[in-house]
Amino acid sequence: MRIDLHTHSTASDGTDTPAELVRNAAAAGLDVVALTDHDSTRGHAEAIAALPELDRPLTLVTGAELSCRLDGVGLHLLAYLFDADEPDFLAARELVRDDRVPRARTMVARLQERGVPITWEQVTRIAGDASLGRPHIATALVELGVVETVSDAFTPEWLADGGRAYAEKYELDPFEAIRLVKAAGGVTVFAHPAAVKRGRVVPEAAIGRLAAAGLDGIEVDHMDHDAPTRARLRSIAAELGVLTTGSSDYHGSRKFVELGACTTDPEVYGEITRRAFGAFPVPGAGGAA
Ligand code: AMP
Ligand code: FE
Ligand code: FE
Ligand code: ZN
């Protein structure tokens, strides 16, 4: 069984539509894929609708990647199999997602002040109705020839945390987020906890605090973790008694990583599905996984 528990679609900053994402996941030989757009569940319905058309069985795990902040440092929390209609958690996701719009406007204005001919219309054309993020603005900068790749826009000069055109968005307290996800029947996994090349990360001691608050697992096998980091995270997880997962964090053509680049152990996946009660994995054509 090949299980990839972290991917993005056009509902946030991925480039595959949700239907394309599940088709590509099946074509890549995955048995289970989780759709985890930033602060949004808007892609779920389209992904589910595309499942019966697949020529291989693929099970969809519904989820989201929540933008959180702890002691001034950003962190991402993966949430799986929660009830997307549960009102308190829904309201929290909407607060974060909606605040991305004025925040992106601020970043566009800062770029304009620096003489970059970016426009709001350009950014909204690129993003469509997605949960708006820096990668959309970065794509505009690539179109304008300001930088060569999306990644090149994540520097102090441009959009990196604290960079010259960076603006903060509203982010959730992770302890509150864990509580909300659990109350909605979901399971939580700390995404890429030691991805230092993306910016500051919370100290590893924070993982223990989050575990004490009910965090279910940490994402260990991720392209932004080198081998020693993975080994250290695995021993932290064992000490704390939390699950360890692996995933691609696929973003389509906005990032150079393939679906299934890292995967999750079937036993861990089984445990996630046993703990969750807000939603069930959705089996596609050909049976369940
Ligand atoms: P935002 O949620 O708008 O603050 O944007 C953060 C997103 O930008 C992350 O979830 C990644 O998808 C992407 N990102 C962060 N750092 C980089 C990087 N160095 N290169 C490419 N994409 C990045
Ligand atoms: Fe992203
Ligand atoms: Fe992330
Ligand atoms: Zn992600």
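Residues numbered from 1 in each chain as written. Chains lettered and ligands numbered in written order. Predicted model: local features only at pLDDT ≥ 70, side-chain atom pairs only at ≥ 80, totals over all residues. Heavy atoms only, no water.

**Remarks on the coordination of the iron ion (ligand 2)**
Applied cut-off: For Na, K and Ca the donor cut-off is 3.2 Å; for every other metal, N, O and S atoms count as donors within 2.8 Å. Water does not enter the count, which can leave sites looking incomplete. Each label reflects the angles at the metal, where four donors whose angles all fall between 85 and 135 degrees are tetrahedral, four or six donors whose opposite pairs open beyond 155 degrees and whose other angles stay between 65 and 115 are square planar or octahedral respectively, and the rest are irregular. The secondary structure listing takes helices from DSSP runs of H or I that are at least 4 residues long and strands from runs of E that are at least 2 residues long, numbered from the N terminus. Remark: exposure states derive from per-residue accessible area (1.4 Å probe, protein chains only) relative to the maximum for the residue type, with buried under 20%, exposed over 50%, and partly exposed in between.
Looking at the iron ion (ligand 2), one finds its protein donor set to be D13 (OD), D13 (OD), H38 (NE2) and H251 (NE2), positioned 2.1 to 2.7 Å from the metal centre. Each of the six donor atoms bound to the iron ion (ligand 2) contributes to angles spanning 50 to 148°, and the resulting shape is irregular. Each donor residue of the iron ion (ligand 2) belongs to the same chain, with the gaps between them written as D-x24-H-x212-H. In this structure the iron ion (ligand 3) is found 5.5 Å away from the iron ion (ligand 2). With D13 in the loop between strand 1 (3-4) and helix 1 (18-27) and H251 in the loop between strand 7 (243-246) and helix 9 (266-275), this pair connects stretches of sequence that are 238 residues apart. With respect to class, D13 is no different from H251; both count as buried.

**Observations regarding the nonpolar core**
Condition: We define a nonpolar core as any set of buried Ala, Val, Leu, Ile, Met, Phe, Trp, Tyr and Cys residues linked to one another through side-chain atoms lying within 4.5 Å. Working rule for contacts: check all heavy atoms of both residues, and any pair within 4.5 Å makes them a contact.
The biggest cluster of nonpolar side chains holds 32 residues, and the ones touching the most others in it are L66, F89, F190 and I218. Those elements giving two or more residues to this core turn out to be strand 3 (59-70), strand 4 (73-80), helix 3 (87-113), helix 6 (174-183), helix 7 (205-212), strand 6 (217-221) and helix 8 (227-240). Ignoring sequence-local partners within four residues, the contact set of F190 consists of L75, H76, L77, V202, I207, L210, L215, G217, I218 and E219. Core analysis: the second largest hydrophobic core is formed by 22 residues, L111, I137, A140 and V147 among them.

**Section: the site of ligand 1**
Put simply, the rule is: To be near a molecule or strand, a residue needs just one of its heavy atoms within 4 Å of it. N or O atoms closer than or at 3.5 Å make up a polar contact, with two conditions inside protein: a donor-capable atom paired with an acceptor-capable one, and, for residues adjacent in sequence, both atoms drawn from side chains. The protein chains shown are the only cover counted for residues, whose accessible areas, like all others here, come from Shrake-Rupley with a 1.4 Å probe. Each residue receives one of three labels: charged for Asp, Glu, Lys and Arg, nonpolar for Ala, Val, Leu, Ile, Met, Phe, Trp, Tyr, Cys and Pro, and polar for the others, Gly being one of them. All domain edges in this entry derive from an automatic or database-based domain assignment.
In the region of ligand 1, 13 residues are neighbours, and H38, R103, R134, S151 and H251 sit closest. Contact distances for ligand 1 include 2.8 Å between a nitrogen atom and a side-chain N or O atom of S151. Coverage of ligand 1 by the protein chains reaches 89% of its 500 Å² of free accessible surface. In the shell around ligand 1, the residues fall into two nonpolar, five polar and six charged. Counting the residues that make up the shell around ligand 1, at least three belong to each of domain 1 (3-96 + 170-284) and domain 2 (101-153).

**Quick look at the coordination of the zinc ion (ligand 4)**
Each protein donor to the zinc ion (ligand 4) is listed here as H6 (NE2), H8 (NE2), E65 (OE) and D249 (OD); together their distances run 2.0 to 2.3 Å. Coordination geometry of the zinc ion (ligand 4): the four donor atoms subtend angles of 77 to 164° at the metal centre, consistent with an arrangement described as irregular. A separation of 4.4 Å is found between the zinc ion (ligand 4) and the iron ion (ligand 2). One end of the pair, H6, is in the loop between strand 1 and helix 1; the other, E65, is in strand 3, and 59 residues separate them in sequence. A single burial state applies to H6 and to E65, both of which are buried.

**Observations concerning the domain arrangement of the protein**
Reports of interface size often rely on the accessible area that becomes lost once the parts have come together. Put simply, the test is: The term buried area means the drop in 1.4 Å probe accessible area that two parts suffer when joined, counted for both and summed.
Domain parsing of the protein yields domain 1 (3-96 + 170-284) and domain 2 (101-153). The centre of domain 1, based on its C-alpha atoms, is set 25 Å off from the matching centre of domain 2. Taken together, the contact pairs nine residues of domain 1 with eight residues of domain 2. Between domain 1 and domain 2, a total of about 640 Å² is buried, with carbon and sulfur atoms accounting for 48% of that surface. Its largest share of buried area at the contact with domain 2, domain 1 owes to D13, R42 and R254, together 62% of the area lost on that side. The interface formed by domain 1 and domain 2 includes five residue pairs in polar contact (both at pLDDT 80 or more). Partitioning the side of domain 1 that touches domain 2 into residue classes produces one nonpolar, four polar and four charged.

**As for the pattern of salt bridges**
Just so we agree on the cut-off: Throughout this description, the term salt bridge denotes a Lys or Arg side-chain nitrogen within 4 Å of a carboxyl oxygen of Asp or Glu.
Applying the stated rule across the entire model yields 22 salt bridges. The partner of R69 in a salt bridge is E168, with the nearest N and O atoms 3.6 Å apart. With R69 in strand 3 and E168 in the loop between helix 5 (134-143) and helix 6, the pair connects residues that are 99 residues apart, well separated along the chain. Close ionic contact of R97 with D98 constitutes a salt bridge, the shortest N to O distance being 3.6 Å. Note on R97: relative accessible area 16%, which makes it buried. The network of salt bridges with common partners includes K182, D216, E271, R274 and R275.

**Observations regarding the side chain of S131**
Among the structural elements, S131 can be located in the loop between helix 4 (120-127) and helix 5. Here the side chain of S131 touches H38 through a polar contact of 2.9 Å, landing on its backbone oxygen.

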